[in-house]
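Examination of the molecular architecture
Each chain, written out:
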Amino acid sequence: MFSLNEMPSTTALFSAYASFTASMMLVRSMADQLIPHPLRSYLTSALHYLFTPLSSNLTIVIDEKCGMTSNQVYNAAEVYLRTKISPSTQRLRVSKTQRQKNITVTIHKDEEINDKFDNFLLKWRFLCTESEHRQERRSFELTFHKKFKEQVLESYLPYVLLRAKEIKESDKVVKIYNRARPYYSDEEGQGDWGSINLEHPSTFDTLAMDPDLKKTIKDDLDRFVRRRDFYKKVGKAWKRGYLLYGPPGTGKSSLIAAMANYLKFDIYDLELSSIYSDSELRWILLSTANRSILVIEDIDCSVEMQDRENQNQHDPDSHTKLTLSSLLNFIDGLWSSCGDERIIVFTTNHKEKLDPALLRPGRMDVHINMSYCSGNGFKILASNYLGIHDHCQNQLYEEVQGLIDSTEVTPAEVAEELMKSDDADVALEGLARFLKRKKIEENTVKDKGGDQIEVQEAKRLKT
Ligand SMILES: Nc1ncnc2c1ncn2[C@@H]1O[C@H](COP(=O)(O)OP(=O)(O)OP(=O)(O)O)[C@@H](O)[C@H]1O
Ligand SMILES: [Mg+2]
């Protein structure tokens, strides 16, 4: 272990370097006019070498660019060091892009940051110089004792990369891309997709769903994002398909938003009705980014697509029409092999109407039945909407829970009733009335032409 104080020359070097740099600038401006460029750069590097003392420290230079492309280590260092800024730092830079939730604070040039890893210390320094073409060249210098070289390369820098990824993800604003929306994406390379921030507040905590099913989905997502190497090993594209089915208002779209918020993946909302050819579909799918969820809602309404497929046999323009089979081919083939970490979600209100090709084993990896609200689901809604919990010992609460378990009511309907009053008792009374009415209606439908008194009873409750 050594301390930064033992770094023999850092502070002294800095002032020496500062005066050296000042005199160099003066000399340089004179030399600019007198000495030709190749000789000038030779002299500069020779002087630099003479003035740099030998030390027990090693310095790694991390440039912003590797040729034309950006250097991931540099980007990671920039993000990581934001969390390490100390009160002694004197100059900072702030920025914020549309993709970020918070203002970003980074260090200004020539500022230093100390860090500690395992049992040794490291010093970061941010440099920004102007190249001969008057372009800014940014880099970090990482200085530490020579004997920690292996640890820095094998453990510390991978750690910095990992931490930066985590920090970036927690700061990321999830976006929803839609081709029908006005085009105001601020990013390049997004094809025809326009984007807005996903403001959907749905999370796994707010979803009224069977707790075991919720856990299964979360575990499935976690496993999926962890398994890059597994997918590579077995030669499968790194993608996962989910089919969400159930009546309207059971939370299919809310679950998609919860998945996106959980994984911090952007959503691409694909409306099949607006796509007219395979080539258009190919272009659209290829212009979606990795780590995203591609959503095709109400796939059963694309039954029309199958009809189109049949019509195509008589249609001279058939090669320009979009077919269900081409969509499925994209999912299985071409597109999936050039994208990573893709999730595809189909939703439907009528699973039974779907083309069997879509339900074939291996096509959609997970089928999730989004069903009517259960007593457990109600607990979550009551807690979200009214702030009440089952341990409140409220008689009305228990009655409502029982009614929900025995009625086909969607979470959307329950939520709507709960929003009608801020007063928990009033809201629960309203919900109880609503559920009784619904139960009677259900029974009446089941027993058509049955007892008219029940219908009247339902009408009375409506008022
Ligand atoms: N399981 C749920 N948990 C919490 N809120 C829900 C749930 N299901 C529905 N809701 C509420 O009802 C609203 C409508 O639900 P959502 O749009 O997710 O249903 P859907 O199943 O996608 O319906 P559709 O089939 O009509 O598209 C949501 O904004 C939310 O407020
Ligand atoms: Mg929906």
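As a starting point, this report considers the structure included with it. (Residues numbered from 1 in each chain as written. Chains lettered and ligands numbered in written order. Predicted model: local features only at pLDDT ≥ 70, side-chain atom pairs only at ≥ 80, totals over all residues.)

**What to know about the sheet that holds strand β11 (residues 239-245)**
On the basis of which strands lie adjacent, the open sheet formed by seven strands has the order β10-β9-β12-β13-β14-β11-β15 and mixed pairing. In the strand order of this sheet, the two ends are held by β10 (194-197) and β15 (366-369), each with one partner. Along the sheet, successive strands turn relative to each other by an average axial angle of 20°, direction set aside. Across five bridges, strand β13 (residues 292-296) lies against strand β14 (residues 342-348) in parallel orientation. Residue Ile293 lies in a different strand from β14, and its bridge partner there is Ile343. Along the sheet, helix α7 (residues 252-263) contacts β11, β12 (266-269), β13 and β14; its crossing angle with β13, the most-contacted strand, is approximately 170°. (Pairing = 2+ DSSP bridges. Helix = DSSP H or I, 4+ residues; strand = E, 2+ residues; numbered from the N terminus. Axes fitted to C-alpha atoms, helices over the stretch in contact; angles between N-to-C directions. Contact = placed C-beta atoms within 7 Å.)

**Re the site of ligand 1**
Lining the immediate surroundings of ligand 1 are 16 residues, of which Pro248, Gly251, Ser254, Pro411 and Ala412 lie closest. Of all elements in the fold, only α7 and α15 (411-418) reach the threshold of two or more residues within the shell around ligand 1. Of the residues that constitute the shell around ligand 1, the class distribution is eight nonpolar, seven polar and one charged. Viewed by domain, the shell around ligand 1 spans two of them, domain 2 (175-369) and domain 3 (375-462), each represented by three or more residues. (Near = placed C-beta within 6 Å. Nonpolar A, V, L, I, M, F, W, Y, C, P; charged D, E, K, R; others polar. Domains from an automatic or database assignment.)

**Quick notes on the sheet that holds strand β1 (residues 57-63)**
Read from one edge of the open sheet, four strands run β1-β8-β7-β6, paired in antiparallel fashion. Either end of the sheet is taken by a strand with one partner, and the two such strands are β1 and β6 (112-117). Sheet twist, expressed as the mean angle between neighbouring strand axes with direction ignored, is 25°. Relative to strand β7 (residues 120-130), β6 runs antiparallel, the two sharing six bridges. Opposite Glu112, over in β7, you have Arg125 as the bridge partner. Along the sheet, helix α3 (residues 72-82) contacts β1, β6, β7 and β8 (136-145); its crossing angle with β1, the most-contacted strand, is approximately 105°.

**Focus: α7**
Over its twelve residues, α7 runs 17 Å from end to end, which matches the ideal 16 Å to within 8%, given 1.5 Å per residue. Every buried residue of α7 is listed here: Lys252, Ser254, Leu255, Ile256, Ala257, Ala258, Met259, Ala260 and Leu263. In the core, the buried residues of α7 are packed alongside α5 (211-226), β11, β12, β13 and β14. With its phi angle positive at about 60°, Lys264 sits one or two positions after the end of α7. (Expected span 1.5 Å × (residues − 1). Buried ≥ 20, exposed ≤ 12 C-beta atoms within 10 Å, placed from the backbone.)

**Things to note about the packing of α5 against α7**
Contact geometry of α5 with α7 gives a least axis separation of 11 Å together with a crossing angle of 45°. By the criterion of interaxial angle, the relationship of α5 to α7 is oblique. The element α5 and its partner α7 pack so that their crossing is right-handed. On α7, the residues that touch Lys218, Leu221 and Val225 of α5 are Met259, Tyr262 and Leu263. Looking at the contact of α5 with α7, its residues break down into five nonpolar, no polar and one charged. (Parallel < 35°, antiparallel > 145°, perpendicular 65-115°, else oblique. Left-handed = near helix turned anticlockwise from the far one by under 90°.)

**Structural notes on the packing of helix α13 (residues 375-386) against α15**
Where α13 contacts α15, the two axes come as close as 10 Å, and the packing angle between them is 30°. When the axes of α13 and α15 are compared, the pair comes out roughly parallel. Both α13 and α15 take part in a crossing whose hand is right-handed. On the side of α13, the interface is formed by Gly377, Phe378, Leu381, Ala382, Tyr385 and Leu386, while α15 contributes Pro411, Val414, Ala415 and Leu418.

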